[in-house]
Amino acid sequence: MRILERTCAVCGRKLKIEIDENGKILRGGHYFGKIDIPDEGAEVIHKGKTRIGDLELEVVDYTRKKEVEYWECDECYSSIGES
């Protein structure tokens with residue numbers, strides 16, 4: 001078994017994730033994959049607008065991005081849809 005130390009992307013809580021020999025998460029967090037976020041000093045590139053239901057949203061990109069892992073703690077994962 002291995003222990004990974006990561007941070008919850010929602011609340012910032014420090015996570016200790018237990019992983020078995022086959023790479024399966026046993027406990028400690030929920031992994032959603034890798035995402036791109038703006039790198040420090042990146043400039044915003046405005047691409048246009050889009051609609052999702054009644055919302056009109058700005059579509060943007062960035063001049064520089066970095067790839068990070070997206071993890072959530074058990075509490076944040078469990079609270080989805082409770083608002």
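Right, let's walk through the structure included here. (Residues numbered from 1 in each chain as written. Predicted model: local features only at pLDDT ≥ 70, side-chain atom pairs only at ≥ 80, totals over all residues. Heavy atoms only, no water.)

**Quick notes on the pairing of strand β2 (residues 14-19)**
Bridge count between strand β1 (residues 2-7) and β2: 6 bridges; the pairing is antiparallel. Looking across to β2, one finds that glutamate 5 is bridged to lysine 16. Hairpin connection between β1 and β2: a loop of 6 residues separates the two successive antiparallel strands, and glycine 12 in this loop has a positive phi of roughly 85 degrees. Where β2 meets strand β3 (residues 25-27), 2 bridges bridge the pair, whose relative direction is antiparallel. Its bridge partner lying in β3, glutamate 18 is registered against arginine 27. Taken together, β2 and the strand that follows it, β3, pair antiparallel across an intervening segment of 5 residues, in which glycine 23 is found at a positive phi of about 90 degrees. (Pairing = 2+ DSSP bridges. Helix = DSSP H or I, 4+ residues; strand = E, 2+ residues; numbered from the N terminus.)

**Quick word on the sheet that holds β1**
A sheet is described by the order of its strands in space; here 3 strands give the open sequence β1-β2-β3, paired in antiparallel fashion. A single partner strand is all that each edge strand has here, and the edge strands are β1 and β3. Neighbouring strand axes in the sheet, compared pairwise and without regard to direction, differ in orientation by 45 degrees on average. (Axes fitted to C-alpha atoms, helices over the stretch in contact; angles between N-to-C directions.)

**Focus: a nonpolar patch on the surface**
Nonpolar side chains collect at one region of the surface, where Met1, Ile3 and Leu26 lie side by side and expose about 310 Å² of accessible area between them. Residue placement: leucine 26 occurs in strand β3. (Patch = residues over 30% accessible without salt bridge, like charges linked within 9 Å, V, L, I, M, F, W, Y side chains within 5 Å. Areas by Shrake-Rupley, 256 points an atom, 1.4 Å probe, with all protein chains shown as cover. Salt bridge = Lys/Arg side-chain N within 4 Å of Asp/Glu carboxyl O.)

**Quick notes on the pattern of salt bridges**
A full pass over the atoms with the stated rule returns 7 salt bridges. Where arginine 13 meets glutamate 75, a salt bridge forms, and the shortest distance between an N and an O atom there is 2.9 Å. Of the two residues, arginine 13 is situated in the loop between β1 and β2 and glutamate 75 in helix α1 (residues 74-78); the sequence distance between them amounts to 62 residues. Put simply, glutamate 58 and lysine 49 hold a salt bridge, and the shortest N to O gap is 4.0 Å. For glutamate 58, a relative accessible area of 41% gives the class partly exposed. (Buried < 20%, exposed > 50% of the residue type's maximum accessible area, 1.4 Å probe, protein only.)

**Section: the packing of aromatic side chains**
Within the structure shown, the criterion is met by 3 aromatic pairs. A ring pair is formed by tyrosine 31 and tryptophan 71, whose centres lie 4.9 Å apart and whose planes are at 45 degrees; its orientation type is tilted. Taken together, the residues tyrosine 31 in strand β4 (residues 30-38) and tryptophan 71 in strand β7 (residues 65-72) connect sequence positions 40 residues apart. By relative accessible area, tyrosine 31 is classed as partly exposed at 36%. (Phe/Tyr/Trp six-rings, centres within 6.5 Å; stacked < 30°, edge-to-face > 60°.)

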